[in-house]
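Read off the chains here:
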Amino acid sequence: MTLPLKACLFDLDGVLVDTAKYHYLAWRRLAEELGFPFTQEDNERLKGVSRMASLDILLSIGGMTLAPDEKEALAAKKNGWYVEMISRMDESEILPGALDFLKACREAGLKVALGSASKNSSIILTNTGLTPYFDAIIDGTKTQAAKPDPEVFLLGAEALGVSPAECVVFEDAEAGIEAARRGGMRSVGIGSPTILNKADLVVPSLGAMTVGRLAELT
Ligand code: BG6
Ligand code: MG
């Protein structure tokens, strides 16, 4: 028997806000300083990927190998530029439909948690005014393993006091859908059904999602 859903776990970047454009500008600036180009298409490969793993991908595009301390310095430099940009974000940058769906979940009595790889989630949630909509916030400052490891979502379920089978994860990255599956949770993909073909349901944005549609998952 399938348990009823009790909680919604949301990825941040690409689900609630569009921060990919800021990650892109900061990584591109770093690549330019290092002397090679970095395209929007390259940036697609970094979605859902942790900061250091993103740097490794970027360096492989430039054909570079660096020592760990040099990599730390470059990641910190990129993050400085990224933080400068996200510090200017406001509620106008919440993705269409996201706020209404968060409110609808809460009104329906569902618990709500964040499950993000980002170590910058508190700046983003504060600046967009989204913090009060979450019962628990799990992000890159609280996790050891990156998605597709389910750690971030399992910690979310634990913080909410629900079992994984009672959770649904909202994700725009393949690695996030896989993390939900490994964690024993259902998932809704936000984006392309071709890319997110492992999700239980795929919608183009949270604007297409309603609490009623959660019944399609059970
Ligand atoms: C994910 C993004 O949510 O967070 C990735 O999709 C990003 O692109 C990762 O690299 C880590 O973010 P941050 O803010 O800790 O550098
Ligand atoms: Mg994402």
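Cut-offs applied
- Residues numbered from 1 in each chain as written.
- Chains lettered and ligands numbered in written order.
- Predicted model: local features only at pLDDT ≥ 70, side-chain atom pairs only at ≥ 80, totals over all residues.
- Heavy atoms only, no water.
- Helix = DSSP H or I, 4+ residues; strand = E, 2+ residues; numbered from the N terminus.
- Rg over C-alpha atoms; globule rule 2.2 N^0.38 Å.
- Buried < 20%, exposed > 50% of the residue type's maximum accessible area, 1.4 Å probe, protein only.
- Contact = heavy atoms within 4.5 Å.
- Areas by Shrake-Rupley, 256 points an atom, 1.4 Å probe, with all protein chains shown as cover.
- Lys, Arg positive; Asp, Glu negative; His and termini not counted.
- Charge placed at Lys NZ, Arg CZ, Asp CG, Glu CD.
- Pairing = 2+ DSSP bridges.
- Phe/Tyr/Trp six-rings, centres within 6.5 Å; stacked < 30°, edge-to-face > 60°.
- Lys NZ or Arg CZ within 6 Å of the ring centre and 35° of its normal.

1. Points about the overall build of the protein
Thinking step 1. Helix and strand counts for the protein come out as eight helices and six strands.
Thinking step 2. Traced from its N-terminal end to its C-terminal end, the protein shows the element sequence β-α-α-α-α-α-β-α-β-α-β-α-β-β.
Thinking step 3. Taken over the C-alpha trace, the protein has a radius of gyration of 17 Å; the compact-globule value for 218 residues is 17 Å, and the two agree within 12%.
Thinking step 4. Its C-alpha atoms put the protein at 55 × 30 × 30 Å along the principal axes.
Thinking step 5. With 218 residues in all, the protein has 46% of them scored as buried.
Thinking step 6. Within the protein, contacts between residues separated by at least 24 positions form 62% of all contacts whose residues are at least 6 apart in sequence.
Thinking step 7. Carbon and sulfur atoms form 52% of the exposed surface of the protein, whose accessible area is close to 10100 Å².
Thinking step 8. One finds the centroid of the 22 positive side-chain charges in the protein at a distance of 1 Å from the centroid of its 30 negative side-chain charges.

2. Overview of the side chain of Glu 93
Thinking step 1. Relative to the helices and strands, Glu 93 resides in the loop between helix H4 (68–86) and helix H5 (98–107).
Thinking step 2. With sequence-adjacent residues up to four places away left out, Glu 93 is seen in contact with Leu 16, Val 17, Asp 18, Lys 21, Tyr 22 and Arg 88.

3. A closer look at the pairing of strand E1 (residues 7–10)
Thinking step 1. Neither face of E1 is left uncovered, since the one carrying Ala 7 and Leu 9 and the one carrying Cys 8 and Phe 10 both have all their residues buried.
Thinking step 2. Of the pairings in the sheet, the one linking E1 to strand E4 (residues 167–171) comprises four bridges and is parallel in character. Pairing of Cys 8 across the sheet is with Val 168, part of E4.

4. With respect to the packing of aromatic side chains
Thinking step 1. Evaluation of the coordinates by the stated rule reveals four aromatic pairs.
Thinking step 2. With a centroid separation of 4.8 Å and 10° between ring planes, the pair formed by Phe 10 and Phe 170 is classed as stacked. Pair noted here: Phe 10 is in strand E1 and Phe 170 is in strand E4, with a separation of 160 residues, a long-range link.
Thinking step 3. The buried category is assigned to Phe 10, whose relative accessible area is 0%.
Thinking step 4. Through a chain of ring-to-ring contacts, three or more aromatic side chains come together here, namely Phe 10, Phe 101 and Phe 170.
Thinking step 5. Cation over ring: Lys 78 sits above Tyr 82, and NZ or CZ is 4.5 Å from the ring centre.

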